[in-house]
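These are the residues of each chain, in order.
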Amino acid sequence: METDSVRVESSLWIGNKRYRAFLSGWYFSWTEIDERNREKKTISVPVSEVIGVKEGRVEIQPQKKVEDTDLDFTLFYVKRNSKGKGIRVPWSLGRTQFCCPSRGVRDQWITQLRTALKTHSPSRPHRLLVFINPFGGKKRGKQIFHSLVAPLFELAGISSHVVVTERANQARDYILKKDLTGFDGVICVGGDGMFSELLHGVIGRTQQEAGVSEHDPTVMLQPCDLHIGIIPAGSTDCVCFTTMGINDPVTSTLHIIIGDSQPLDVCSVHYQSTLVRYFVSMVGYGFYGDVLAESERHRWMGPLRYDYSGCMVYLCNRSYPGQVQSALSKERLFPHFNSSSSLYSANVSQYSSELEGEWVTIEGRFKCISLTCMSSSCPRSPKGLSPSAHLADGTADLILVREANPLGFLTYLHRHTNTQDQFDLPFVEVYRVKAVRFSLPPGEGEEEEEEEEEEEEDVLEDPEKLCCSNIAGHSQQHLAERKERGNVAMSRVKRPGFVCGPCCTKPRSVSVWNCDGEILPHTEISCRVHGQLVRLFARGIEDSTKP
Ligand SMILES: CCCCCCCCCCCCC/C=C/[C@@H](O)[C@H](CO)NC(=O)CCCCCCCCCCCCCCC
Ligand SMILES: Nc1ncnc2c1ncn2[C@@H]1O[C@H](COP(=O)(O)OP(=O)(O)OP(=O)(O)O)[C@@H](O)[C@H]1O
Ligand SMILES: [Ca+2]
């Protein structure tokens, strides 16, 4: 075996074929040598993508098997597969067993490869805190972790502390309150709701430690160092799909092991001067709010609840009045600025020193209003709500879908699932923004609504006052459900959040906000993008043309 400070080289065997193996700089490569000493195909693995080097002949899939021989070592690394269900190639665990001419050469290879790994991959995590939601998606979180993720962590020498959650918000509270010394990252095994718990925990903890008030809508939040990883096991897995291009537990695990780091924009939502929530994917009013409110009543359907509720809400064909004010970042995506529109300048001083671009007000009736910090793609919509939105550019895309006929709106929805441009429709406008404020028309304002609270109590006692009371058999059941919900985020939502399905005959003038899959308790909200506030164990979407 030849070694100098930059290159290690020797002959090795894989099965009965001879190879010339090199470790040089960032790559470990092996080239087949035929009987006439001619070089044939070379395989190269970047050291940064090596998962582990083990003595002997080792297998970990489908079951762990170790044959401890003197001359062999097994290399595990990232392998790009040829096809998968996402918009990029999935990763799997590659494995090659090398046979050396002597035990000394074998031990040298193992030492050199492990040293290279330490030198060239300094940002890999060593200890992780893992939260599993046993009830997310198809309820396979625990199985996914133990069968697919844990064996890879063990192979890579990562130790993990696992918490299987017993209640909602347990993961968030754990991160906010417990000692996190020694952890290099937090991982969720679940869907977007579980990710959101980790997001709130990590941001909240970082601001507590930095003494920053999260409620101040003008404050510069402290960027978070603790990385978040997502093992997809939910219904939509939108954050995972958008940041990885696929929702595949093994691909996610391999990105975590090699310590990839992807910064992510986060948007804060405020009601007056109180922080309501953060989101990374979408806050949506109108259609997406109504779909979520309806789907909460059908949780038992699992992931299918969104399709069922989507159809129901589509059939209701609602639109809502509202006023959107926004600080634009000089970029209107569609249609372009020179076309006619109902924009007028508004004099808004708040944030204006920090946010360049003018504040404008847009009024109208909308089928839906969505604000998305990232493209928000998911298996249902592989290019997402706003295909060109960036993960970490400090802006969000504001999509306004004005009142349209049912066929027009169906065309808009359907274009999320194909290659046609969903923005190239006369009732759709898109702006790239840094902050947004939403208000209801005069007379519908939230403060006025608060004054009506007593009146609302009366309505709960008197079914005749409900919009669906004219339909026999519905009102009592709906009333009971509303009362039962108690004080979940829904309690403040009352009129708007209560979607009765297509049985409703009266149009309602207020919808609810869907904030990364949670219903917000307020309607008149303001949102602000915080560029690159958190970091994920991810690397954006890899070019699938270069497997
Ligand atoms: C004709 C086919 C139309 C298909 C239209 C597909 C549009 C899909 C757009 C997906 C946008 C995903 C946005 C991401 C949101 C996540 O942060 C959030 C948290 O997980 N998920 C949801 O709120 C969950 C919300 C999920 C919303 C799903 C909406 C499904 C609509 C189905 C409408 C069918 C109408 C058919 C009429 C006959
Ligand atoms: N042990 C638990 N019991 C009840 N709820 C839980 C528990 N652990 C977590 N949760 C909550 O369950 C909600 C949904 O979970 P999760 O996001 O994992 O799955 P999902 O809703 O199926 O997927 P998606 O969010 O992708 O649609 C989260 O908001 C989370 O707060
Ligand atoms: Ca962005």
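Criteria and cut-off values
- Numbering of residues starts from 1 in every chain and runs along the sequence as written.
- Chains carry letters and ligands carry numbers; both start at the beginning, A for chains and 1 for ligands, and go up in the order they are written.
- With pLDDT at 70 or above as the cut-off, local features in this predicted model cover only qualifying residues; side-chain atom pairs require 80 or more to be listed or tallied, and sums for whole chains, interfaces and linings still use all residues.
- Calculation of side-chain values draws on the structure's entire complement of heavy atoms; hydrogens and water are dropped beforehand.
- Counting from the N terminus, the helices are the DSSP runs of H or I reaching at least four residues and the strands are the DSSP runs of E reaching at least two.
- Residue exposure (1.4 Å probe, protein chains only): buried if accessible area is under 20% of the type maximum, exposed if over 50%, otherwise partly exposed.
- By definition, residues are in contact when any of their heavy atoms lie within 4.5 Å.
- Surface accessibility in these figures is a Shrake-Rupley result with a 1.4 Å probe; residues are shielded only by whichever protein chains are displayed.
- Proximity criterion: a residue is near a molecule or strand once any of its heavy atoms comes within 4 Å of it.
- Pairing of N or O atoms within 3.5 Å defines a polar contact, subject to two protein rules: one partner must be a possible hydrogen donor and the other a possible acceptor, and residues neighboring in sequence count only if both atoms are side-chain atoms.
- The classification used treats Ala, Val, Leu, Ile, Met, Phe, Trp, Tyr, Cys and Pro as nonpolar, Asp, Glu, Lys and Arg as charged, and all other residues, Gly among them, as polar.
- By convention here, the domain bounds are inherited from an automatic or database domain assignment.
- Fitted lines through C-alpha atoms serve as axes, helices being fitted only where they are in contact, and the angles separating the N-to-C directions of these axes extend from 0 to 180 degrees.
- Between 65 and 115 degrees an angle is taken as roughly perpendicular, under 35 as roughly parallel, over 145 as roughly antiparallel, and anywhere else as oblique.
- For a crossing to be left-handed, the near helix must be turned anticlockwise from the far one by less than a right angle; the clockwise case is right-handed.
- As a rule, N, O and S atoms within 2.8 Å of a metal are its donors, except that Na, K and Ca use 3.2 Å; water is not among the atoms, so sites may look incomplete.
- UniProt positions are given in the numbering used here, feature names are shortened, and annotations may be inferred rather than shown by experiment.
- Pairing of aromatic rings covers Phe, Tyr and the six-membered ring of Trp, with a centre-to-centre limit of 6.5 Å; geometry is then stacked below 30 degrees between planes, edge-to-face above 60, and tilted otherwise.
- To sit over a ring, a charge needs its Lys NZ or Arg CZ within 6 Å of the ring centre and within 35 degrees of the ring normal.

*Asks:* Just to check I follow, could you spell out the overall build of the chain for this structure?
*Replies:* Looking only at helices and strands, the chain features 13 helices and 25 strands. Counting all 547 residues of the chain, 55% fall into the buried class. Sequence separation of 24 or more characterises 70% of the internal contacts of the chain that already satisfy a separation of 6 or more. Accessible surface, the chain: about 24,400 Å² in total, of which carbon and sulfur atoms supply 50%.

*Asks:* Sorry if this is basic, but what is going on with the site of ligand 1 here?
*Replies:* Surveying the vicinity of ligand 1 reveals 20 residues, the closest of which are Asp192, Thr236, Ser281, Tyr314 and Asn514. One of the side-chain nitrogen or oxygen atoms of aspartate 192 is found 2.6 Å away from an oxygen atom of ligand 1. Between threonine 236 and ligand 1, the recorded distance is 3.5 Å, taken from a side-chain N or O atom to an oxygen atom. Taken by itself ligand 1 offers 850 Å² of open surface, and the protein chains cover 85% of this. Listing elements by their share of the shell around ligand 1, those giving two or more residues are helix 8 (305-316) and helix 9 (406-414). With four residues, helix 8 is the single largest residue contributor to the shell around ligand 1. Residue composition of the shell around ligand 1, by class: nine nonpolar, eight polar and three charged. Split by domain, the shell around ligand 1 shows at least three residues from each of two domains, domain 2 (127-266 + 531-536) and domain 3 (282-530).

*Asks:* In this structure, what is going on with the packing of helix 7 (residues 287-296) against helix 8? I would like to understand it.
*Replies:* Relative placement of two packed helices is described by the angle separating their axes and the distance separating the axes. Relative orientation of the contacting elements helix 7 and helix 8 amounts to 125°, with a least axis distance of 8 Å. Considered as vectors, helix 7 and helix 8 are oriented oblique to each other. You can see that helix 7 and helix 8 cross each other, and the crossing is right-handed. Where helix 7 approaches helix 8, its residues Phe287, Asp290, Val291, Leu292, Glu294 and Ser295 are matched on the opposing element by Arg305, Tyr306, Tyr308, Ser309, Gly310, Met312, Val313 and Tyr314. The class makeup of the residues in the contact of helix 7 with helix 8 is eight nonpolar, three polar and three charged.

*Asks:* What am I meant to see in the coordination of the calcium ion (ligand 3) here?
*Replies:* Coordination angles at a metal have ideal targets, namely 109.5 degrees for four tetrahedral donors and 90 or 180 degrees for six octahedral donors. On the protein side, the calcium ion (ligand 3) has Asp265 (OD), Cys373 (O), His390 (O), Asp393 (OD) and Thr395 (O) as donor atoms, found 2.4 to 2.6 Å from it. Binding-site remark: the calcium ion (ligand 3) is held by donors from one chain whose sequence spacing is D-x107-C-x16-H-x2-D-x1-T. Of this pair, cysteine 373 sits in the loop between strand 20 (359-372) and strand 21 (396-402) while histidine 390 sits in the loop between strand 20 and strand 21; the two residues are 17 residues apart in sequence, bridging distant segments of the chain. Histidine 390 gets classed as partly exposed once you look at its relative accessible area, which sits at 42%.

*Asks:* Looking at this structure, I do not really get unusual backbone geometry. What am I missing?
*Replies:* Cis geometry is found at the peptide bond from glutamine 61 to proline 62, where omega equals -5°. Checked against the element boundaries, proline 62 lands in the loop between strand 7 (57-59) and strand 8 (65-67). Positive phi, normally seen in glycine, also occurs at serine 376, with a value near 55°. Residue position: serine 376 is located in the loop between strand 20 and strand 21.

*Asks:* Just checking my understanding: could you explain the UniProt feature "domain: DAGKc" (unreviewed entry) in the chain for this structure?
*Replies:* UniProt feature "domain: DAGKc" (unreviewed entry): in the numbering of this structure it lies at residues 123-273. The span residues 123-273 shows a helical share of 38% and a strand share of 23%, and its end C-alpha atoms are spaced 38 Å apart.

*Asks:* I'm lost on the site of ligand 2 in this one. Help?
*Replies:* The immediate surroundings of ligand 2 are formed by 22 residues, with Gly137, Thr165, Gly193, Glu197 and Ser235 found nearest. One nitrogen or oxygen atom from the main chain of aspartate 192 is found 3.0 Å from an oxygen atom belonging to ligand 2. Bound to the protein, ligand 2 loses 86% of the 630 Å² it would expose on its own. Contributions of two or more residues to the shell around ligand 2 are made by helix 4 (192-210) and helix 8. Per element, the largest residue contribution to the shell around ligand 2 is four residues, and it comes from helix 4. Its residues placed into classes, the shell around ligand 2 shows four nonpolar, 10 polar and eight charged. Each of domain 2 (127-266 + 531-536) and domain 3 (282-530) gives at least three residues to the shell around ligand 2.

*Asks:* It is not clear to me how the packing of aromatic side chains should be interpreted in this structure. Could you clarify?
*Replies:* Aromatic ring pairs are reported here in terms of the distance separating the ring centres and the angle at which the planes meet. By the definition in use, this model includes 15 aromatic pairs. Measuring from centroid to centroid gives 5.0 Å for tryptophan 30 and phenylalanine 98, while their planes differ by 85°, and the two rings are edge-to-face. Here the residue tryptophan 30 occupies a position in strand 4 (residues 27-33), and phenylalanine 98 occupies one in strand 10 (residues 91-99), the gap between them amounting to 68 residues. Look at tyrosine 285 and phenylalanine 438: their rings are 4.6 Å apart centre to centre, the planes differ by 45°, and that puts the pair in the tilted class. Placement of tyrosine 285 in strand 17 (residues 282-286) and of phenylalanine 438 in strand 22 (residues 428-439) is noted, with a sequence separation of 153 residues between them. Note on tyrosine 285: relative accessible area 2%, which makes it buried. Under the relative-accessibility criterion, phenylalanine 438 is labelled buried at 3%. Geometry around tyrosine 306 places arginine 305 over its ring, the cationic atom sitting 4.5 Å from the centre.

*Asks:* Teacher, can you tell me more about the environment of proline 125 here?
*Replies:* Of note, proline 125 is situated in the loop between helix 1 (103-120) and strand 11 (127-132). Since its relative accessible area comes to 5%, proline 125 is described here as buried. When the C-alpha positions of proline 125 and isoleucine 258 are compared, they lie 7.8 Å apart, and in sequence the two are 133 residues distant. Discounting chain neighbours no more than four positions away, the residues touching proline 125 are Ile158, Asp184, Ile256, Ile257, Gly259 and Phe537.

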